[in-house]
Amino acid sequence: MKKLLTLMSILWAANSMALELVIGEERLEPGLVFIFEGAIKDHVQPAGLLHLKEHETHVHIEARANWDTKNTPQGTPSGGFVPYLHITSRVINQKTGLSTFIDVVPHINLVDNFHYARNITLPGSIDDKYTVTFNIIPPAHTELAIHRDWLNTYGKNLSKEQSYTYKDVDFSEIARANRTTK
């Protein structure tokens, strides 16, 4: 019986750590792929001034930004992380109209590796439905230098500015979940 309980605990822990809510998937030319997620809140360093503590939040909003595995600019690493983007997110409670606006900043972990994310407190009940918008802003000209070959082929920016909006997002399962590792 003890072995069965241990096995069940391990399976539950593995399942809760893998639990993610895919909010949307998008492709932006010239080959950037975004996967927007709500994940289980997590311990993120440095806590305090830059990041809310895990127990003060409901969900971990994520934007995975990677090069596609096909039809990408020459020299881009297939599936590789796309750096220097500025990504923001606005989470609007559809019942009350209250909202939260956040910068989704670079993070690293052992599951997704580099990604953009932020722990947030939802602007309302975890059982409410939300509209979530992600804004993709390419790096400014002072942050990323563009060589002539890129300029001649793709222009003076990494990509265009883009917004993606998703309605009726239900964070309740993610918000109730907890990570079991430290």
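My aim in this report is to walk through the structure given alongside it, one point at a time. (Residues numbered from 1 in each chain as written. Predicted model: local features only at pLDDT ≥ 70, side-chain atom pairs only at ≥ 80, totals over all residues. Heavy atoms only, no water.)

With that settled, the discussion passes to the environment of threonine 133. Within the secondary structure, threonine 133 sits in strand β7 (residues 129-137). Judged by its relative accessible area of 15%, threonine 133 falls in the buried class. Considering only alpha carbons, one finds threonine 133 and isoleucine 23, 110 residues apart in sequence, at a separation of 10.0 Å. Residues within four places of threonine 133 in sequence aside, it is in contact with Thr88, Ser89, Arg90, Ser163, Tyr164 and Thr165. (Helix = DSSP H or I, 4+ residues; strand = E, 2+ residues; numbered from the N terminus. Buried < 20%, exposed > 50% of the residue type's maximum accessible area, 1.4 Å probe, protein only. Contact = heavy atoms within 4.5 Å.)

Let us now look at the nonpolar core. Of all hydrophobic cores here, the largest spans 32 residues; its most connected members are Phe34, Phe36, Leu85, Ile87 and Phe171. Among the elements that make up this core, the one with the highest residue count is strand β3 (residues 59-67) (five residues). Beyond its immediate stretch of four places on either side in the chain, phenylalanine 34 contacts Gly24, Glu25, Glu26, Leu28, Arg64, Ala65, Leu85, Ile87 and Ile136. (Core = buried A, V, L, I, M, F, W, Y, C linked by side-chain atoms within 4.5 Å.)

A few words now on the sheet that holds β7. The strand order β1-β2-β3-β6-β5-β4-β7-β8 describes an open sheet built from eight strands, whose pairing is antiparallel. The sheet terminates laterally at β1 (20-28) and β8 (162-170), the two strands that pair on one side only. Sheet twist, expressed as the mean angle between neighbouring strand axes with direction ignored, is 25°. The pairing of β7 with β8 spans seven bridges and is classified as antiparallel. Bridge pairing links threonine 133 to threonine 165 in β8. (Pairing = 2+ DSSP bridges. Axes fitted to C-alpha atoms, helices over the stretch in contact; angles between N-to-C directions.)

Turning next to the pattern of salt bridges. Evaluation of the coordinates by the stated rule reveals seven salt bridges. Aspartate 68 is the salt-bridge partner of arginine 27, the closest N and O atoms lying 2.7 Å from each other. Here the residue arginine 27 occupies a position in strand β1, and aspartate 68 occupies one in the loop between β3 and β4 (86-93), the gap between them amounting to 41 residues. Note that arginine 64 and glutamate 37 form a salt bridge whose closest N and O atoms lie 3.2 Å from each other. Here arginine 64 is found in strand β3, whereas its partner glutamate 37 is found in strand β2 (residues 32-40), with 27 residues between them in sequence. Judged by its relative accessible area of 3%, glutamate 37 falls in the buried class. A cluster of three or more residues bridged by salt bridges with shared partners is formed by Arg27, Glu29 and Asp68. (Salt bridge = Lys/Arg side-chain N within 4 Å of Asp/Glu carboxyl O.)

Applying the stated criterion across every chain yields a total of nine aromatic pairs. Aromatic side chains phenylalanine 36 and phenylalanine 134 sit 4.2 Å apart centroid to centroid with 15° between the ring planes, which places their arrangement in the stacked category. Here phenylalanine 36 is found in strand β2, whereas its partner phenylalanine 134 is found in strand β7, with 98 residues between them in sequence. In this structure, phenylalanine 36 and phenylalanine 134 share a single accessibility class: buried. An angle of 45° between the planes, with centres 5.8 Å apart, marks the rings of phenylalanine 36 and tyrosine 164 as tilted. With a gap of 128 residues between them, phenylalanine 36 in strand β2 and tyrosine 164 in strand β8 connect regions that are remote in the sequence. Here phenylalanine 36 and tyrosine 164 have matching classes, each one buried. (Phe/Tyr/Trp six-rings, centres within 6.5 Å; stacked < 30°, edge-to-face > 60°.)

The next point concerns the environment of proline 138. Tracing the sequence through the fold places proline 138 in the loop between β7 and α2 (148-154). Residue proline 138 is classed as buried on the basis of its relative accessible area, which comes to 13%. Distance from proline 138 to asparagine 157, taken between C-alpha atoms, is 7.0 Å for residues 19 residues apart in sequence. Contact partners of proline 138, with chain neighbours within four places excluded, come to Leu85, His86, Ser159, Lys160 and Glu161.

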